[in-house]
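Each chain, written out:
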Amino acid sequence: MSGSSRLGSYVADRRLDVLGAVAGLLVAVVLFPMRFLASQIYVETIPIVVGSACLLYLLTVREDVRETDLPELSGGFARFAPGVVVAGIGVMAALAAVSGRRTVGFLALAAVVAAGILIQIAFVAEEQLDVRVLLVQILGLAFVVRFTALYLTPGLVGIDSWSHLYEFADAILADHSLAAIGDTKYFTAPLYHLLVVTAAEVLGVSLRRGLFLSLGVLMALSVLFVYVTARFFVPVRWALFGTAMFAVSDQAVRWSIHVIPTSLGLFFFGAIVYALARLFYTESPRRNVALVVVFSVAIVLTHQVSSFIMLVLVGAGVFAQLLVRFSGRWSLGPLAPPGGGEGANEVGNSDAAGAGVGASQVNLLGVLAFDLGLLVIMWSITPYGDDSFLRTVLDWLVLTLADSAGFLNLAGSAGASTGDAGAEPSLLADIATYLDAGGILLLLFVTVLGSLVALGRSQARQRAYTFVGAIAIMLAFAFVLPLFGIRTFLPSRWFAFLHVLMVVVGAIGLYHLSRTLPREVAVALVVMFAATFSAVMVFSVSGTRDNPVVSSERTRYAYTESELAAVRTIGDVRPNSAERLYTDHPYKAVFRRTEAHPSATLELTAGGRPIAGTDVRVYRRYQSDGGARFEGPDGFAPIRHLSEREVCGARASNVYSNGDVRMCLAE
C-alpha cells in the first residue's frame with residue numbers, strides 16, 4: 001500500500017472534528033512562544049484561546065459524555081422578562097436624551113439589557129419561547145444603541161463619512177449626475193451615495209438625516225440576516241442567541257454609527273451569507289443562485305474592499321466543493337460521530353432537516369467566475385489617482401512585499417503595542433486594550449468550538465467547509481498577514497464581516513456545549529459568557545467611537561458643537577487661505593474633508609514640543625485630556641496630552657477662540 005493510501009485510510013478511520021481539534025491544539029502550542037517575541041495582544045492571547053477551545057471540544061466528544069439540556073426557568077420569568085427588557089431599553093433612550101450622548105451609564109445599562117436578553121433566550125421554557133417577542137427586544141436594543149449615537153452626535157461619527165456625505169453625495173445631489181464624482185473610485189461604486197441622495201430627496205430631509213433613515217435603518221435590521229441564516233444550522237433558541245450577539249457586536253455597531261460604503265457592503269454581505277445558506281439547504285438552486293448573483297453585483301457596485309471579502313466567501317465555497325469532490329478519490333468517506341449523535345441533521349435543527357438537506361454538492365464555480373470577472377472589469381475601469389484601481393492596488397501589494405513585509409513587522413497594526421516604546425503602559429491603557437480585544441477573543445473561542453462541531457456532522461461537508469473555510473481565510477487576512485507587515489488589504493475592515501459568520505458558527509459551538517457539558521457547568525458557562533460578552537462588546541472602543549469609555553487612552557471620532565462651529569468660523573475667517581493649519585488627528589480631517597481650510601497633523605519633536613514651521617495651530621480642550629493623536633518623528637506618536645500653552649506657546653497671537661477651540665499664530 002502506498003504512503004498516500006495509508007494516510008487516506010488512517011484519516012478515513014478517524015473523525016475529522018477530532019483530527020481538527022488535535023491539529024488546532026498542536027498549532028496553539030507551537031505558536032504560544034510567540035508571546036515572548038512580540039508585545040501584541042492578539043499574539044499573546046489567540047494561541048491560548050484556540051488551544052483552550054480545542055481542548056474543551058476533545059473533552060466534550062468522549063463516548064461516555066451524555067447529552068443534556070439547559071434547565072428551564074419558570075413561566076413567570078418568561079412573562080416578566082420581556083417587560084423588564086423593554087423598560088430597560090426605554091430608560092437607555094431617556095438617559096441618552098437627557099445626557100446628550102451615550103455615557104458610561106448608558107453603556108452599562110446596555111450591557112445589562114443585552115445580557116438579560118441572552119439569558120432569557122438561553123433559559124426560557126421551550127413552549128414559551130416566543131420568536132417575535134424576542135426579535136422585537138433584540139431589534140429594540142439594536143436601534144437604540146445605534147440611533148442614540150447617530151442622532152445625538154453633532155455632525156457625523158468617523159472620518160470618511162464627512163467626505164462621502166458632504167463631498168461625493170452633495171456633489172451628486174447638486175449636479176443630478178454621477179459625473180460629479182467621475183474622477184473618484186466611487187464613480188463605479190456609487191450605490192451608497194445614490195441611496196443617500198435618493199432618501200434625502202424622497203423624504204425631503206438633509207443628506208445627514210437621509211443617511212440615517214436609509215442605511216442607518218438597514219444596518220439595524222441587518223441583524224435579521226443572522227437569524228434567518230442561523231436557523232439552517234441550529235434550533236430557534238440558539239439562532240436567536242447568535243442574533244442577539246450580533247446586535248451588540250462592537251464591529252456591527254461600529255459600521256452602524258460610522259455609516260460609509262463599508263456599512264452598505266456589510267449589509268449586502270449578510271444577504272449573501274443568507275443566500276448561500278439557502279443554496280445549501282433548500283431545493284430551489286436557480287432562485288438561490290440568482291440571489292447570490294444579485295447581491296454580489298450590489299456589493300461590487302458599493303465598495304471595493306467589501307466586494308473582495310465577498311469573493312473570499314464564494315471562493316471558500318468553491319474550495320469546499322472541490323474538496324468534497326476529490327475526497328471521494330482519496331477514500332475519505334463521510335466522517336461522522338459514532339452512532340450518529342447530533343449528526344443526523346446538522347446540530348439537531350429539525351427545521352433544516354424538514355426543509356430537506358438540499359443538494360449534496362452545490363456548484364459555485366459559475367458564481368465565482370462571474371464575480372471575479374465582474375470585479376476585474378470594474379476595478380480596471382475605476383479611476384484611482386493617475387491609474388486604475390486594480391493597477392494601483394497591485395502596485396501597492398508589490399511595494400509592500402518588497403519594502404515592508406517581514407515576520408512580526410507589527411508597526412502600524414492595530415494593537416501592535418500596549419504603550420509607548422520604552423515606557424510601561426498605564427493601567428487604563430491595559431484596560432482599554434483588553435476591552436478592545438475581549439469581544440473578538442470570546443467570539444473566536446465559541447467559533448472554534450462551532451467549527452469543530454460542524455466538521456463532525458455527517459450531512460454538512462460542503463456547508464461546513466464553506467463557512468469554516470471562509471472564517472479561516474478571513475482570519476488569515478485580519479490577523480496573519482499583518483504579522484508579516486502586509487496591511488494592503490485593510491485588515492481592520494474584515495472584522496465586521498467575520499462577525500457575521502462567527503456568530504452563526506459560534507451559536508453552533510454554544511449549543512454543543514449546552515448539550516455535552518454537565519448541567520451545572522453549562523449553566524455557569526452560558527451565564528458568564530452572556531454577561532462578559534455583552535460587557536466587553538458594548539464597552540469596546542470599536543463600538544464607542546463617538547464617546548470611548550477610556551477617553552484618555554482612546555481617540556474620539558466625533559466632535560462637539562463648539563468644535564464644529566470653530567471649523568465653520570475658521571473657514572469663513574480665512575476662506576481662500578493656502579497656508580495649512582496644524583492640529584490633532586482626527587480634528588484636522590474635518591477641516592480638510594469639509595473643505596473649510598487646508599490642514600495637517602501637528603508634528604512634535606521627540607521631546608513632545610511642536611516643531612518649527614507649524615505657525616498656524618488650532619488647539620482644542622480635548623488635546624489636554626482626551627485621546628488626540630499627533631505626528632511624531634517616526635509617524636503617529638502615542639497619545640500625548642498637551643496644554644494650550646504647549647500647543648500655542650506663551651506669546652502666541654490669538655486669531656480665533658470660542659472657549660473650547662483656539663486658533664493661534666505660534667510665537
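(A) Region of interest: the overall build of the chain. Secondary structure summary: the chain contains 26 helices and nine strands in total. Put simply, the chain has 667 residues, and 55% of those count as buried. Of all intrachain contacts in the chain linking residues separated by at least 6 positions in sequence, the fraction that spans at least 24 positions is 77%.

(B) Representation of unusual backbone geometry in the model. Backbone torsion omega between His585 and Pro586 reads 15°, so that peptide bond is classified as cis. With respect to the element layout, Pro586 can be found in the loop between β3 (581-583) and α24 (587-593). Non-glycine residue Leu490 carries a positive phi angle of around 50°. Along the chain, Leu490 turns up in the loop between α20 (461-483) and α21 (494-516). Unusually for a residue other than glycine, Glu595 sits at a positive phi of about 60°. By the secondary structure assignment, Glu595 is in the loop between α24 and β4 (599-601).

(C) Region of the structure containing the environment of Val448. Of note, Val448 is situated in helix α19 (residues 427-455). Classification of Val448 by relative accessible area gives buried; the value is 14%. Leave out the neighbours within four places in its chain, and Val448 touches Val50, Ala53 and Cys54.

(D) Main features of the packing of helix α3 (residues 41-60) against α21. One can describe the packing of α3 onto α21 by two numbers: an axis separation of 10 Å at closest approach and a directional angle of 40°. Taken together, the axes of α3 and α21 are oblique relative to one another. Like other packed secondary-structure pairs, α3 and α21 cross with a definite hand, here left-handed. Across the interface between the two elements, Leu56, Tyr57 and Thr60 from α3 touch His512, Leu513 and Thr516 from α21. Its residues assigned to classes, the contact of α3 with α21 shows three nonpolar, three polar and no charged.

(E) Spotlight on the pairing of strand β9 (residues 661-665). Of all five residues that make up β9, four are buried, and the element is covered over most of its length. Sheet topology note: the strand β5 (residues 616-620)/β9 ladder contains five bridges and is antiparallel. Residue Arg617 lies in a different strand from β9, and its bridge partner there is Cys664. As paired elements, strand β8 (residues 653-657) and β9 share four bridges and run antiparallel to each other. Its bridge partner lying in β9, Ser653 is registered against Leu665.

(F) Examining the environment of Met537 more closely. Its place among the elements puts Met537 in helix α22 (residues 519-539). Of the residues examined, Met537 reaches a relative accessible area of 1% and is grouped as buried. Taking the C-alpha atoms as reference points, Met537 and Ala111, separated by 426 residues in sequence, lie 8.2 Å from one another. Excluding anything up to four places from it in sequence, Met537 contacts Val248, Ser249, Asp250, Gly439, Ile440, Leu443 and His499.

(G) Seen up close, the nonpolar core. Of all hydrophobic cores here, the largest spans 179 residues; its most connected members are Phe241 and Phe269. For this core, the leading source of residues is α21, giving 15 residues. Leave out the neighbours within four places in its chain, and Phe269 touches Ile299, Ile309, Met310, Leu313, Met474, Phe497, Val500 and Leu501. Listed in part, the 13 residues of the second largest apolar core include Ala600, Leu602, Tyr619 and Ala652.

(H) Up close: the packing of α20 against α21. Where α20 contacts α21, the two axes come as close as 10 Å, and the packing angle between them is 150°. One way to sum up the angle between α20 and α21 is to call them roughly antiparallel. Considering how the two elements wind past one another, α20 and α21 form a crossing that is left-handed. Along its contact with α20, which presents Phe467, Ala470, Ile471, Met474, Leu475, Phe477, Ala478 and Phe479, the element α21 presents Trp494, Phe495, Phe497, Leu498, Leu501, Met502 and Val505. The residue inventory of the contact of α20 with α21, partitioned by class, reads 15 nonpolar, no polar and no charged.

(I) Representation of the pattern of salt bridges in the model. Tallied over the full model, the rule gives eleven salt bridges. Here Asp436 makes a salt bridge to Arg554, at a shortest N to O gap of 2.7 Å. Of this pair, Asp436 sits in helix α19 while Arg554 sits in the loop between α22 and α23 (561-573), and the two are 118 residues apart along the sequence. Residue Asp660 is joined to Arg621 by a salt bridge in which the shortest nitrogen-to-oxygen separation is 3.4 Å.

(J) Examining a nonpolar patch on the surface more closely. A contiguous nonpolar patch, built from Leu37, Phe407, Val480 and Phe484 and spanning about 380 Å² of accessible area, is present on the exposed surface. Position of Phe484 among the secondary structure elements: in the loop between α20 and α21.

(K) The arrangement of the packing of aromatic side chains in detail. All chains considered together, the criterion is met by 31 aromatic pairs. With a centroid separation of 5.2 Å and 80° between ring planes, the pair formed by Phe269 and Phe497 is classed as edge-to-face. A residue pair is termed long-range when its members are at least 10 positions apart, and Phe269 in helix α13 (residues 261-281) and Phe497 in helix α21 qualify at 228 residues. Each member of the pair, Phe269 together with Phe497, is buried. When the ring centre of Tyr281 is taken as reference, the NZ or CZ atom of Arg463 above it lies at 4.7 Å.

(L) Molecular detail of the side chain of Gln251. With respect to the secondary-structure elements, Gln251 resides in helix α12 (residues 250-257). Assessed through its relative accessible area of 6%, Gln251 is described here as buried. Engagement of the side chain of Gln251 in a polar contact is seen with the side chain of Ser542, the distance being 3.3 Å. Filtering out sequence-adjacent residues up to four positions away, Gln251 remains in contact with Ser492, Phe495, Ala496, His499 and Ser542.

(M) How the structure looks around α3. Under the 1.5 Å per step criterion, the end-to-end length of α3 is 29 Å for 20 residues, consistent within 8% with the ideal 28 Å. Among the 20 residues that make up α3, 15 are buried, leaving the element largely enclosed by the rest of the structure. In this structure Gln40 caps α3, since a side-chain oxygen of it lies 2.7 Å from the backbone nitrogen of Tyr42.

(N) Expanded view of the environment of Leu118. Relative to the elements of secondary structure, Leu118 occurs in helix α5 (residues 104-123). Judged by relative accessible area, Leu118 falls into the buried class, the value being 0%. Discounting residues that sit within four places of it in the chain, Leu118 has contacts with Phe241, Ala244, Met245, Ala530 and Ser534.

(O) Quick look at the confidence of the model for the chain. In the predicted model, the chain carries a mean pLDDT of 87, and 88% of its residues have values of at least 70. Below a pLDDT of 50 lies the segment residues 7-13, which in the model reaches ten contacts outside its immediate sequence neighbourhood of four places, other chains included. Between residues 330-345, whose pLDDT stays under 50, and residues either more than four places distant or in other chains, the model counts 41 contacts.

(P) Seen up close, the side chain of Gln40. Structurally, the position occupied by Gln40 is in the loop between α2 (16-31) and α3. By relative accessible area, which is 6% here, Gln40 ends up buried. A distance of 2.7 Å separates a polar side-chain atom of Gln40 from the backbone nitrogen of Tyr42. A polar contact is formed between the side chain of Gln40 and the backbone nitrogen of Val43, at a distance of 3.0 Å.

Calculation criteria
- Residues numbered from 1 in each chain as written.
- Predicted model: local features only at pLDDT ≥ 70, side-chain atom pairs only at ≥ 80, totals over all residues.
- Heavy atoms only, no water.
- Helix = DSSP H or I, 4+ residues; strand = E, 2+ residues; numbered from the N terminus.
- Buried < 20%, exposed > 50% of the residue type's maximum accessible area, 1.4 Å probe, protein only.
- Contact = heavy atoms within 4.5 Å.
- Axes fitted to C-alpha atoms, helices over the stretch in contact; angles between N-to-C directions.
- Parallel < 35°, antiparallel > 145°, perpendicular 65-115°, else oblique.
- Left-handed = near helix turned anticlockwise from the far one by under 90°.
- Nonpolar A, V, L, I, M, F, W, Y, C, P; charged D, E, K, R; others polar.
- Pairing = 2+ DSSP bridges.
- Core = buried A, V, L, I, M, F, W, Y, C linked by side-chain atoms within 4.5 Å.
- Salt bridge = Lys/Arg side-chain N within 4 Å of Asp/Glu carboxyl O.
- Patch = residues over 30% accessible without salt bridge, like charges linked within 9 Å, V, L, I, M, F, W, Y side chains within 5 Å.
- Areas by Shrake-Rupley, 256 points an atom, 1.4 Å probe, with all protein chains shown as cover.
- Phe/Tyr/Trp six-rings, centres within 6.5 Å; stacked < 30°, edge-to-face > 60°.
- Lys NZ or Arg CZ within 6 Å of the ring centre and 35° of its normal.
- Polar contact = N/O pair within 3.5 Å; in protein donor to acceptor, adjacent residues only side chain to side chain.
- Expected span 1.5 Å × (residues − 1).
- pLDDT = per-residue confidence, 0-100.

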